[in-house]
Amino acid sequence: MSKYLISKYQSLEAYTPGEQPRDMKYVKLNTNESPYPASDGVIKSISAEEVAKLNLYPDPECKFLKQKLADHYGVGYDNVFISNGSDEILSFAFMAFCSDEVGAIFPDISYGFYKVYGDLYKVNYTEIPLKSDFSINADDYTNSGKTVIIANPNAPTGLSISLEDIEKIVKTNSENVVIIDEAYIDFGGKTCLELTKKYENLLIVRTYSKSRSMAGARLGFAIGSKALIDDLNRIKYSTNPYNINRLTLIAGCAAIDDNDYYADCCKKIAETREYTKQKLAQLGFEYLDSDSNFVFARNDKISGEEYYKQLKKNGVLVRHFSNPKISDYVRITIGTRGQMDILFDVTKKILGEV
Ligand code: PMP
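From a predicted model like this one, the values you see are computed outputs, not experimental measurements.

Draft legend 1. The arrangement of the environment of Glu 127 in detail. Along the chain, Glu 127 falls in strand β4 (residues 125-128). Relative accessible area serves as the criterion here: at 32%, Glu 127 is assigned to the partly exposed category. Placed 21 residues apart in sequence, Glu 127 and Phe 106 show a C-alpha to C-alpha distance of 5.2 Å. Setting aside residues up to four positions removed in sequence, Glu 127 forms contacts with Phe 106, Asp 108 and Lys 115.

This is the structure in structure tokens:
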């Protein structure tokens, strides 16, 4: 072990991203990317002329994109924060709004990065067990006296929490920040965007990585009161003021102009999700009723780990989690109809049902 390792982080258990293998071409249903390419407008926006300007720093304020998002979502310019993927906002939010003193609470089964940021920033956090049906019990989060972080829809379950429940949580934690991670909201959940106008303590986190087919560009944004956005900006300007590169800023604007294309992609993904649920049921799977671009499923005939391994051997990647509470399951990203049919054919072979 190198003597130069910073010992205070030696015991930190880092986040494990989904596999991005380069050894062969897989049907990639493991990291909840969109199966559809970026829109024509986005592709055209990255011109040779713009690439040539890479000698210049990008606009640290992200003015054009911020205004575009503010107009699109009907909020003020000062209510938008732009980040290098939504992971960066979550990181900044844990840094800004959670501490040893002001703890944090989030579900025990949720996006794995919450726990990693909690550990990284030495936050006194509590993981709240989901109910036995994997849903979130809103009453576990009311009057908490802590920073609340909830993904809606939740990952990897895909289950949504109602707007009434979110409002109850936000209202009863008025002295604390409530962060609603809406990474998957465009596939069927109900956004709490309007509540940000009513409650100063609510921050919503969004990403271009899923519904806007731009995981490779690394772009996320948050919407909330000016006070919360100012705090995030203070951290951005104290760590990496040029956090969004020039090309991503341009592509981010073009993607909003092409909103109809992306809305259509989301519609197709939601239709394929319902088709996937039917097919999984026919193959003897149980699954949670996802509102997202993935389905969390299990089958009595095969363990989650074995199913994941057999799929991989056959060129299909899905995500398996070793946490014993969910190790029976795999999380399957919704691809195109053609990709899902490959998954079903391979599954039939694995289950010996050909
Ligand atoms: N939140 C949730 C719930 C996620 O699943 C992800 C994607 N892994 C993210 C945030 C982060 O996405 P990105 O950094 O690509 O915006």
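Draft legend 2. Up close: the environment of Leu 203. When you line up the elements, Leu 203 lands in strand β7 (residues 202-207). Distance from Leu 203 to Met 214, taken between C-alpha atoms, is 22 Å for residues 11 residues apart in sequence. Ignoring anything within four residues of it in the chain, the contact list for Leu 203 reads Ile 89, Ala 93, Phe 97, Val 178, Ile 179, Ile 180, Ala 222, Ile 223, Gly 224, Leu 228, Ile 229 and Leu 232.

Draft legend 3. Molecular detail of the nonpolar core. Among the nonpolar cores identified, the biggest contains 50 residues, and Leu 69, Ile 82, Leu 202 and Tyr 208 are the most heavily contacted of them. The set of elements that each furnish at least two residues to this core consists of α3 (63-73), β2 (80-83), β5 (147-151), α6 (163-171), β6 (178-181), β7, β8 (220-224) and α8 (246-257). For this core, the element with the highest residue contribution is α8, accounting for six residues. Residue contributions to this core reach at least three from each of two domains, namely domain 1 (7-37 + 260-353) and domain 2 (40-258). Setting aside anything within four residues of it in sequence, one finds Tyr 208 in contact with Leu 65, Leu 69, Ser 213, Met 214, Ala 215, Leu 219, Phe 221, Gly 252, Ala 255 and Ile 256. Listed in part, the 32 residues of the second largest apolar core include Tyr 184, Leu 283, Met 340 and Ile 350.

Draft legend 4. Layout of helix α7 (residues 226-239). Across its 14 residues, α7 extends 20 Å between first and last C-alpha, which sits within 8% of the 20 Å expected from 1.5 Å per residue. Within α7, burial applies to Leu 228, Ile 229, Leu 232, Asn 233, Ile 235 and Lys 236. Burial along α7 is one-sided: seen end-on, the buried residues are contained in an arc of 160°. More than 90 degrees from the buried face of α7, the exposed residues found are Arg 234 and Ser 238. Buried positions along α7 lie against β2, α4 (86-97), β7 and β8.

Draft legend 5. View of empty space enclosed by the protein. A full pass over the atoms with the stated rule returns two cavities of 30 Å³ or more. Taken as a whole, the largest cavity spans an internal volume of roughly 50 Å³. Considering the residues around the largest cavity, the lining is formed by Tyr 73, Glu 182, Ala 183, Ile 185, Asp 186, Arg 206, Thr 207, Ser 211, Arg 212 and Phe 221. Looking at side-chain class alone, the lining of the largest cavity contains four nonpolar, two polar and four charged residues. As a volume, the second largest cavity reaches approximately 40 Å³. Residue assignment for the lining of the second largest cavity shows that the elements contributing at least two residues are β2 and α7.

Draft legend 6. Broad picture of the domain arrangement of the chain. The assigned domain composition of the chain is domain 1 (7-37 + 260-353) and domain 2 (40-258). Each of domain 1 and domain 2 has a C-alpha centre, and the two are 24 Å apart. Each side of the interface is counted separately: domain 1 has 33 residues, and domain 2 has 34 residues. Buried surface at the junction of domain 1 and domain 2, summed over both partners, amounts to about 2,600 Å²; 64% is from carbon and sulfur atoms.

Draft legend 7. Layout of the sheet that holds β7. A sheet is described by the order of its strands in space; here seven strands give the open sequence β2-β8-β7-β6-β5-β3-β4, paired in mixed fashion. Where the open sheet ends on each side, the last strands, each with one partner, are β2 and β4. On average, each strand axis in the sheet is tilted by 20° relative to the strand beside it, whichever way the strands run. Of the pairings in the sheet, the one linking β6 to β7 comprises four bridges and is parallel in character. Residue pairing in the sheet places Val 178 in a bridge with Leu 202 of β7. In the packing of helix α5 (residues 113-120) onto the sheet, contacts are made with β3 (104-107), β4, β5 and β6, and the angle to β4 comes to roughly 160°.

Reading the values: the criteria
- Residues numbered from 1 in each chain as written.
- Predicted model: local features only at pLDDT ≥ 70, side-chain atom pairs only at ≥ 80, totals over all residues.
- Heavy atoms only, no water.
- Helix = DSSP H or I, 4+ residues; strand = E, 2+ residues; numbered from the N terminus.
- Buried < 20%, exposed > 50% of the residue type's maximum accessible area, 1.4 Å probe, protein only.
- Contact = heavy atoms within 4.5 Å.
- Core = buried A, V, L, I, M, F, W, Y, C linked by side-chain atoms within 4.5 Å.
- Domains from an automatic or database assignment.
- Expected span 1.5 Å × (residues − 1).
- Arc of directions from axis to C-beta.
- 1 Å grid on protein atoms, 1.4 Å probe; cavity = no way out; pocket = protein on both sides within 12 Å on 5 of 7 lines; lining within 4 Å.
- Points joined across faces, edges and corners; volume = space filled by probe spheres on them.
- Nonpolar A, V, L, I, M, F, W, Y, C, P; charged D, E, K, R; others polar.
- Buried area = accessible area lost by both parts, 1.4 Å probe.
- Pairing = 2+ DSSP bridges.
- Axes fitted to C-alpha atoms, helices over the stretch in contact; angles between N-to-C directions.

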